[in-house]
Structure formats: C-alpha cells, structure tokens
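This is what each chain is made of:
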Amino acid sequence: MNPEDFRHFGHTVVDWIADYRATVESRPVLARTPPGAIRAALPPSPPDQGEPFAAILADLDRILLPGITHWQSPNFFAFFPSNTSGPSILAELLSAGLGVQGMLWATSPACTELETHVLDWLAHMLALPDAFLSSTDGGGVIQDTASSAALCALLAARERTTGGASNEHGLAACPPLVAYASSQAHSSIEKAVKIAGLGRTHLRLVPADAAFALRPDALLELIQADRAAGLQPFFLAATVGTTSSNAMDPVAALGPIARDHGLWLHVDAAMSGTAALCPEFRHFFAGLDFADSFNFNPHKWMFTNFDCSCFWVRSRAALIAALSILPEYLRNAATASGAVIDYRDWQIPLGRRFRALKLWFVIRHYGVEGLRREVRRHVALAQEFAAWVRDDPRFELAAPVPLNLVCFRHRAGDAANQTILDRLNASGDLYLTHTRLDGKLTLRMCIGQASTERRHVANAWRRFQQEADALV
Ligand SMILES: *Cc1c(COP(=O)(O)O)cnc(C)c1O
C-alpha cells in the first residue's frame, strides 16, 4: 500500500470508526450469531492474489459486524467496562503507525521514558505511596493485563522469599510456598499459582465476610496453621473491588498481617483502581502503604483501549531478579551503563508495544479533573440505579454498592432471575451478566461506558421492571 492509498483508506477507516461510534447505540448489544456462523461465511482458504482494500473493508461490515458484541455501546452493562475514547483510539493508531518494539530503552528511548513518566503521573493521580515512584527503588510498568501483573507479582514474591533459590535450583529446593487470596479473588490469582508451578493445593482461598470482603482473622488462622505444618506462607493477593460483587478487601487490616509474616502483598484493583482518582473514594485504598505491588487496568474504566494494565512495585530489584535474562544479542551500552530502564525485565514477554502513548493522550485530553468527572458520573448513576432497586419491593440488593457495580436480584428466586437475564440479553436492548452470591443467582449492572448517560440507565431499569411484570 503506497502512501497515497494509505492516506485515502486511512480517512475511510477513521470515518468508519466515527460512524460506528456514533451509531453503536442502535445495534443489539449482544451478538446473535450462532456458533460457527462467522466461519461459515468466510472463504475456506486465503486468497492467492491480494484483494482491493475496499473489498476487505466491506466484508468487515458484511461478515464480521453481525458477530460483534458491542462493548462500546452505552447499553453495555455486562462483566466490567472495557471503555475506550477518541484520544485513545487515535493514539493506538499512531502507535501502530510508529510500529515501535520497546523491549529495551535502546530500541526506542521515548517509548520507555514516556511510560516511566506517565506511570509516575498516574501514581500521583491515584495518590499511591511514594515508594511506587520511579525515583525510588520501586516503579511502574505497563503490562498487558491484570493477570500478567498478578503473575509477575507472584514471581517477584517467590524470588524474594527464596532468596533466588527458586530460580536457581527450582521449587524442589525450597520449602513449600503457600499463597493466599480471598474466596472472592479473581481467577487470575489461581491461574498465576498454577503457572508458577506452586500447585493448587498451595493456594488458600480465605473465607469472606457478609460483604464478601476477605476476613483478616481467617487469614491469620490459615497462616498460623500453615506455618505450624512447616509450610512457607509468601504471598497475599488483596482485591479492591472484586469482579463478582465489587467487594473491598480491608487492605489496612491485611497489611500488618502480611508484613509480620513476610508475605508479599499484591493489591489487585483492576477495575476499581480508577476510582482512586477521586479523593472521596480513596478510603477504599487505605493501607496501600503496606502493599508490595499494586495494579489497575486503565483498559477497564479509564477510557484507554485494551490492553493497558498499570503495575507498580515497591522493589524493582525483586521483580527484575525474577524475570531478567541477558543473552549476548541484547547487550548494549545503555543497558550496561545501568542508567536506563529496560522494561523487558519487568514482564513475561520480551517484546512490548508502545502502550504509554494512549495513556498520555487520554490523560492530556481529559485532564485529571475530566477523568474524575466521568468516574463520579458513573458512580452517581450506579447509586441512583441502586436506589431504584431498593425502592421496588420485588427486587433486593445482593451486596453493598461502593462504586459503579450494582448486584441485585428479583426476590422470586433463581429461575425468575435467569428468565429476566435471558430475555433482556435476547432483546438486544442491553447486555448484562450474572454472578452467584450467597448461593443465589445475582444480576450485575456495571456502569462505566464513556457514552452511557442517565437515559440509558433509566431505560435499563424500565426494562427490568417490564420483565418483572411479565413473570408469571
Ligand atoms: C477484570 C479483572 C481481572 C482480570 O483482568 P485482565 O486484565 O483481563 O487480566 C483481575 N482482577 C480483577 C479484580 C478484575 O476485575
């Protein structure tokens, strides 16, 4: 594709995206294609000769769009948001245009230095402890996902606890390591334990309290029992805003336990971390001074395209010791000088995209106040929705509503809630998902799309009421 064709079709693509974003509201949110329908519409083999760009783009509309679930719809209330914004999309395009691979400082100094700088900005924006700033022994890095961040934290913790023996001689040379997380923790913690080869029987899922938050007393009991059995407790994952119900683990109470028993404390705030932009929500993050690592996903609730997961550590040495390798072909003067950061040593893969660019665009476009305004808007909408639920005797709230997720259910039981869920999702008017709390099927209404306005939330509530009316 020559530069003139690129310019021409580039304009077409930007127009396509602008039109899509302007009209996405009118599309059924959840894709309705049955399994295999998209593949059946695709040719069995690739073309021998290149095809016109216009034909490829036309097939995006014709073949693929029917199989798209519209995550950017203002009526998307499922799982968690994966919200985007104009500046983020354009920065992603620029990142693709630059095509930088930022594995080393030397492979593109701007890629590394902007990342370090933006993560320092964000540490200030979220009022994180100073120990996470790049000017200290700690620092931040952009990972692809919260799952990778949790794995990196676990590996750094293992490195610290075993004094490097796990890396050098393997796990067989170390006392059996035990990790702890709430029974409500995200599945990525269990996955990290699995990948690290610790064995699932060495993960303790600590019971939660009535508000689904990890119980410090139960944690302490488990640690003491494991110690007495000759095991080595080494890692605790606390969650600020669990995926299932947005429960807030009490980091301030867990921190001293982790410290006293030598556990690495990782705080996973994948979605809710964005709320720390607002001073009035920072009480949920009290105790972060005890954290060895912290993670949140701008690709969930901070208007930044997937993927972008920000991860900070108090000790970069432990992380780097766990992950660093230096083959001859990567040696260079800047690395040898020790004056630069090589982010390949802070993550699992070697290669890395220029992700800081979209964060920089988003932060500059909105400004800190602009981002706060959006977070407050979403939280206010969720609180208003929760009040409607509370006022309708047919429904009940199933968990506290600290921020932007409302967990609720019809009082008639699981079958009624399943019917409501299925009918609403089939209608295309909105998309929501469920969880199970106290053994009961629970509807989750998660509000966080950039384009979601009060009228979308009010309409969603009207639809819930209609479906409740239609129950026999
Ligand atoms: C969404 C979520 C994750 C997983 O996020 P990925 O970035 O997709 O790995 C982990 N923890 C919590 C609390 C989440 O909400």
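Residues numbered from 1 in each chain as written. Predicted model: local features only at pLDDT ≥ 70, side-chain atom pairs only at ≥ 80, totals over all residues. Heavy atoms only, no water.

Peer 1: Residues and numbers for the overall build of the chain, please.
Peer 2: If you tally the helices and strands in the chain, you get 16 helices and 11 strands. Taking 2.2 N^0.38 as the reference for a compact globule, 472 residues should give roughly 23 Å; the C-alpha atoms of the chain span a radius of gyration of 24 Å, in line with that estimate. Taken over the C-alpha atoms alone, the chain extends approximately 65 × 60 × 45 Å along its principal axes. In the chain, buried positions account for 52% of the 472 residues. In the chain, once contacts between residues fewer than 6 apart in sequence are set aside, the share between residues at least 24 apart is 74%. (Helix = DSSP H or I, 4+ residues; strand = E, 2+ residues; numbered from the N terminus. Rg over C-alpha atoms; globule rule 2.2 N^0.38 Å. Buried < 20%, exposed > 50% of the residue type's maximum accessible area, 1.4 Å probe, protein only. Contact = heavy atoms within 4.5 Å.)

Peer 1: Account for the sheet that holds strand β2 (residues 177-182), with residues named and values stated.
Peer 2: Ordered by their spatial adjacency, 7 strands build an open sheet running β1-β7-β6-β5-β4-β2-β3, and the pairing between neighbours is mixed. On the outer flanks of this sheet lie β1 (139-143) and β3 (203-206), each paired with one strand and no other. Within the sheet, the average angular offset between the axes of one strand and its neighbour, ignoring direction, is 20 degrees. In terms of strand pairing, strand β4 (residues 232-239) meets strand β5 (residues 264-268) through 5 bridges, oriented parallel. Among the inter-strand pairings, Ala 237 is bridged to a residue of β5, identified as His 266. (Pairing = 2+ DSSP bridges. Axes fitted to C-alpha atoms, helices over the stretch in contact; angles between N-to-C directions.)

Peer 1: So, the pairing of strand β11 (residues 440-446): which residues are in play, and what are the values?
Peer 2: The element β11 is extensively covered by neighbouring structure, given that 6 of its 7 residues are classed as buried. Judged from the 4 bridges that link them, strand β9 (residues 405-410) and β11 form a sheet pairing that is antiparallel. Counted as the bridge partner of Cys 407 is Arg 444 from β11. Sheet topology places strand β10 (residues 433-437) next to β11; 5 bridges connect them, and they run antiparallel. Opposite His 434, over in β11, you have Leu 443 as the bridge partner. The antiparallel hairpin formed by β10 and β11 contains 2 residues in its connecting segment, where Asp 438 sits at a positive phi of about 50 degrees.

Peer 1: Lay out the packing of aromatic side chains in plain terms, naming residues and giving numbers.
Peer 2: Going through the model one piece at a time under the given rule, you end up with 23 aromatic pairs. With a centroid separation of 6.1 Å and 85 degrees between ring planes, the pair formed by Phe 79 and Tyr 431 is classed as edge-to-face. On the criterion of sequence distance, the pair formed by Phe 79 in the loop between α3 (53-64) and α4 (86-98) and Tyr 431 in the loop between α15 (414-427) and β10 is long-range, its members being 352 residues apart. Overall, the relative accessible area of 34% leaves Phe 79 in the partly exposed class. The class for Tyr 431 is buried, based on a relative accessible area of 11%. When the ring of Phe 234 is compared with that of Phe 235, the centres are 5.9 Å apart and the planes differ by 40 degrees; the resulting orientation is tilted. The exposure class of Phe 235 is buried, given its relative accessible area of 1%. The structure contains a cluster of three or more aromatic residues connected by ring pairs, namely Phe 385, Trp 388, Phe 395, Phe 408, Trp 461 and Phe 464. Stacked on the ring of Phe 80, the Lys or Arg Lys 300 has its end atom at 4.0 Å from the ring centre. Taking NZ or CZ as reference, Arg 364 lies 4.7 Å from the ring centre of Trp 360, over its face. (Phe/Tyr/Trp six-rings, centres within 6.5 Å; stacked < 30°, edge-to-face > 60°. Lys NZ or Arg CZ within 6 Å of the ring centre and 35° of its normal.)

Peer 1: Just give me the short version of the state of the cysteines, but keep the residues and values in it.
Peer 2: The full count for this structure, using the stated rule, is 0 disulfides. With no disulfide of its own, Cys 278 lies closest to Cys 446 among cysteine sulfurs, the gap being 15 Å. Between Cys 407, a free cysteine, and Cys 446, which holds the nearest cysteine sulfur, the sulfur-to-sulfur gap is 8.7 Å. For Cys 407, a relative accessible area of 1% translates into the label buried. (Disulfide = S-S within 2.5 Å.)

Peer 1: Can you tell me about the pattern of salt bridges, naming the residues and giving the values?
Peer 2: Counted by the stated rule, this structure contains 28 salt bridges. For Arg 204, the salt bridge identified is with Asp 226, shortest N-O distance 2.9 Å. Of the two residues, Arg 204 is situated in strand β3 and Asp 226 in helix α9 (residues 216-228); the sequence distance between them amounts to 22 residues. Per residue, the accessibility class of Arg 204 equals that of Asp 226, and both read buried. Where Arg 409 meets Glu 396, a salt bridge forms, and the shortest distance between an N and an O atom there is 2.9 Å. Residue Arg 409 is found in strand β9, and its partner Glu 396 is found in strand β8 (residues 395-397); the two are separated by 13 residues along the sequence. Judged by relative accessible area, which is 6%, Arg 409 ranks as buried. Residues joined in a network through salt bridges with shared partners are Glu 92, Asp 307, Arg 353, Arg 355 and Lys 358. (Salt bridge = Lys/Arg side-chain N within 4 Å of Asp/Glu carboxyl O.)

By themselves, these are just geometric observations and shouldn't be taken as functional.
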